[in-house]
Amino acid sequence: MDFNTVLEEVGDFHLYQKLLCVFLVVPSASLCALVYFTQFFTILIPDHRCKLNEGDNYQANVSGLWNVSVPVDDLGKYEMCRMYDVTNGTGNETVGCANGWVYDFEDLYPTIATEMNWVCDNDQLPYQSQTIFYVGTSIGCIVFGLIADRFGRRPSIILSYMIACVAGIASAFTTNFYTFNFLRFFVGATIIPLSEDPYVLSLEYIGVNKRTIVIIIWSMGYILFSAICPWIAYGLRDWRMLCVITSVPLAIVPILGKFIPESASWLLTRGRHKEAIKLLQTLARVNKRKFPEEFSEKCLDLNNEEANIKTTALDLFRTRRLRFTNLILAVTWFVVYCCYHTNTQNASNLGTNVYDSFTYSSLVEIPALFVILFGVDWLGRRWPVVVSSFAAGIAGLVILIIPIDAIKTYLGLALIQRVTITIVYNVIMQYSAELLPTVLRGRGLAFLRLMGTLGLYLSPSIVYLSMTLPGLPLVVSGVLMLLVSALTLNLPETLHRHLPHTVEEGEKFGEEQGICHCPCMHSRITQDDKGVELKPPSEQI
């Protein structure tokens, strides 16, 4: 009797799993969105210009002072970093902003960027701040992935929330560039484990037929709070309070950490059978199901526990099929993260202001959830990724034949690409967790998250291409997504399959499938106690 069989006996989606979704999955998605977008709303820079005198403010144009003191650029807009040299007799020469700057706070509010004047000659500082946040994200993926596989999912979750809470609150009280970004580095280091580790932990307690529900719940929480975050910033109009308000709720997880269960399947792979059995007995009691006592006697049909304990991250690439699978996943995560954030930044002008833009660009992802909800459990995981990636690629390439002045068409194609990339973005997280064996899942996801965060560094450069041609970022994203579509055709399907636990199971997983395999064209797969696929009676010898 293996773990998956026991999970079915004690209930693989009953009250216990629903409680995990309510108290782990939903909060993790919601808090992740708030913490992640807080980084953006603390370094925003509104329109600005040179300060002309002591009592000057952005809106004031007393006696047409702007007209004679601030030069106009080729587009007819007042320059933000130059002013006329009033000491010069001709008044035609311009100089830098000798008296500082004034900012347009009619819609936006003071941020750390405006307090410290990260503008003009220092306009690279907001970008550097965001890059430092991303560097933290990359390093955090590795560190917390190792913690999750070495010490367990629960310690990784509690530690990430604790660090994010302390660093987030402390960053609200900083007064210089270096201290602020030192603390935001630690917030960035926790952003992925505090969002995805609770999801993975919940997934390891849920049966094969209900896994899609978890990603829908997670995604809906993320989307809704992504849309809410701009309005929290708008209501507070204070970047320091924003940091505090979005960080304080994180303290709930460390405070109530004793109620977070460890992953029973992870405990079994580490040889900690008594703890795993105790958790499964609790699960059975909460679900009002009977715990199979024979499992306590035989525990698991794993004879390689010592090998499981000694596994390292190198085992991801030690065997042929796992190496091939992980290389494809690595390229996919890199491209999808890059293209998703490229599209997000490039479509930031959807609304009349930054608040509307973020709201609309978040809510447009909701249609993707319906595709996932009704398609992933019918078509499987692989074909939705393949088809959606292909559609995103075509939407990008069509830009090449669209006139530059066709703004609405550009916008429509951008939204199509946003929806299709969102489908891939959400499915690939669940798909990867299902493909990786339990003993390597934490480290495997850490490696894939690292590859994804490396893609974040490329997205600002792709967005900058819009200065040359407005639709060029969509074209580049389209080409990259076509690559993802072609590569993921080579991955095995995981629908209705038990999660692999050992390296050996991971190596054999899906080896009987062909490239055209599609669950909707086959009868539901059945497996024996060890997860080996059983043929229908008509095909058995």
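These numbers come from a predicted model, not from an experiment. (Residues numbered from 1 in each chain as written. Predicted model: local features only at pLDDT ≥ 70, side-chain atom pairs only at ≥ 80, totals over all residues. Heavy atoms only, no water.)

*Asks:* Residue-level account of the nonpolar core, with values.
*Replies:* A general tendency of soluble globular proteins is for nonpolar side chains to be buried together. Of all hydrophobic cores here, the largest spans 120 residues; its most connected members are F41 and Y222. It is helix α2 (residues 15-42) that provides the largest number of residues to this core, a total of 14 residues. Once residues lying within four places of it in the same chain are set aside, the contact partners of F41 are Y109, T111, C229, P230, A233, L242, V354, Y355 and F358. Within the second largest apolar cluster, nine residues are counted, among which are I402, A406, A414 and L474. (Core = buried A, V, L, I, M, F, W, Y, C linked by side-chain atoms within 4.5 Å. Buried < 20%, exposed > 50% of the residue type's maximum accessible area, 1.4 Å probe, protein only. Helix = DSSP H or I, 4+ residues; strand = E, 2+ residues; numbered from the N terminus. Contact = heavy atoms within 4.5 Å.)

*Asks:* Would you mind going over the state of the cysteines in detail, with residue names and values included?
*Replies:* Under the counting rule described, the total for this entry stands at two disulfides. At a sulfur-sulfur separation of 1.9 Å, the disulfide partner of C50 is C97. Around the S-S axis, the bridge from C50 to C97 shows a dihedral of about -65 degrees and counts as left-handed. With C50 in strand β1 (residues 48-50) and C97 in the loop between β3 (94-95) and β4 (101-103), the pair connects residues that are 47 residues apart, well separated along the chain. For C50, a relative accessible area of 0% gives the class buried. Among the residues examined, C97 registers a relative accessible area of 12% and is labelled buried. (Disulfide = S-S within 2.5 Å.)

*Asks:* An account of the pattern of salt bridges is requested, with residue identities and associated values reported.
*Replies:* By the definition in use, this model includes eight salt bridges. Taking the shortest distance from any N to any O, the salt bridge between E204 and R153 comes out at 2.8 Å. Taken together, the positions of E204 in the loop between α8 (193-203) and α9 (211-236) and R153 in helix α6 (residues 153-171) put the pair 51 residues apart, joining distant regions of the chain. With respect to class, E204 is no different from R153; both count as buried. Notably, a salt bridge pairs E275 with R272, separated by 2.8 Å at the nearest N-O pair. A single network of salt bridges, built from pairs that share partners, joins D149, R153 and E204. (Salt bridge = Lys/Arg side-chain N within 4 Å of Asp/Glu carboxyl O.)

*Asks:* Summarise the side chain of S28; cite the residues concerned and give the values.
*Replies:* Within the secondary structure layout, S28 lies in helix α2. Looking at S28, the relative accessible area reads 0%, which means it is buried. At a separation of 2.8 Å, a polar atom in the side chain of S28 contacts the main-chain carbonyl oxygen of V25. Among residues more than four places away in sequence, those in contact with S28 are Y161, L194, S195, P198 and W218. (Polar contact = N/O pair within 3.5 Å; in protein donor to acceptor, adjacent residues only side chain to side chain.)

*Asks:* Residues and numbers for the packing of α2 against helix α13 (residues 273-287), please.
*Replies:* Where α2 contacts α13, the two axes come as close as 7 Å, and the packing angle between them is 100 degrees. Taken together, α2 and α13 sit at an angle that is classed as roughly perpendicular. For the pair formed by α2 and α13, the contact residues are L15, Y16, Q17 and L19 on the first element and L283, V286 and N287 on the second. Looking at side-chain class alone, the contact of α2 with α13 contains five nonpolar, two polar and no charged residues. (Axes fitted to C-alpha atoms, helices over the stretch in contact; angles between N-to-C directions. Parallel < 35°, antiparallel > 145°, perpendicular 65-115°, else oblique. Nonpolar A, V, L, I, M, F, W, Y, C, P; charged D, E, K, R; others polar.)

*Asks:* Give a description of unusual backbone geometry that names residues and reports values.
*Replies:* One non-glycine residue, N117, lies in the positive phi region at around 55 degrees. When its relative accessible area of 24% is taken as the criterion, N117 is described as partly exposed.

*Asks:* Now, about the environment of L474: what can you tell me, with residues and values included?
*Replies:* Tracing the backbone shows L474 in helix α22 (residues 472-488). Spatially, the C-alpha atoms of L474 and N343 are 7.2 Å apart, while their sequence positions differ by 131 residues. Ignoring anything within four residues of it in the chain, the contact list for L474 reads N343, N346, G396, I399, Y410, A414 and Q417.

*Asks:* Requested: an account of the packing of aromatic side chains, with residues and values cited.
*Replies:* Summed over the entire model, instances satisfying the criterion amount to 22 aromatic pairs. Note on F180 and W239: the rings are 5.8 Å apart at their centroids and 80 degrees apart in plane angle, and the pair reads as edge-to-face. Pair noted here: F180 is in helix α7 (residues 177-190) and W239 is in helix α10 (residues 239-247), with a separation of 59 residues, a long-range link. Taken individually, F180 and W239 each receive the classification buried, so the pair is uniform in this respect. Taken together, the aromatic side chains of Y36, F37, F133, Y134, W218, Y222 and Y457 make up a single cluster linked through ring pairs. (Phe/Tyr/Trp six-rings, centres within 6.5 Å; stacked < 30°, edge-to-face > 60°.)

*Asks:* Quick one: what's the story with a negative patch on the surface, residue by residue and with numbers?
*Replies:* A cluster of acidic residues, E8, E9, E293 and E294, forms a negative patch at the surface. Only α1 (3-10) and α14 (293-298) provide two or more residues apiece to the negative patch. Summarising the element assignment, E9 is placed in helix α1. (Patch = residues over 30% accessible without salt bridge, like charges linked within 9 Å, V, L, I, M, F, W, Y side chains within 5 Å. Areas by Shrake-Rupley, 256 points an atom, 1.4 Å probe, with all protein chains shown as cover. Lys, Arg positive; Asp, Glu negative; His and termini not counted. Charge placed at Lys NZ, Arg CZ, Asp CG, Glu CD.)

*Asks:* How would you sum up helix α17 (residues 354-363)? Please name residues and give values.
*Replies:* α17 sits mainly inside the fold: seven of its 10 residues count as buried. Of all the residues in α17, the buried ones are Y355, D356, S357, F358, T359, S361 and S362.

*Asks:* Break down the packing of helix α20 (residues 407-435) against α22 for me, with residues and values.
*Replies:* In contact at an axis separation of 11 Å, α20 and α22 are set at 35 degrees when each is read in the N-to-C sense. Between α20 and α22 lies a crossing whose hand is left-handed. Contacts from Y410, A414, Q417, I421 and V424 of α20 reach α22 at L474, S477, G478 and M481. Considered class by class, the residues forming the contact of α20 with α22 number six nonpolar, three polar and no charged. (Left-handed = near helix turned anticlockwise from the far one by under 90°.)

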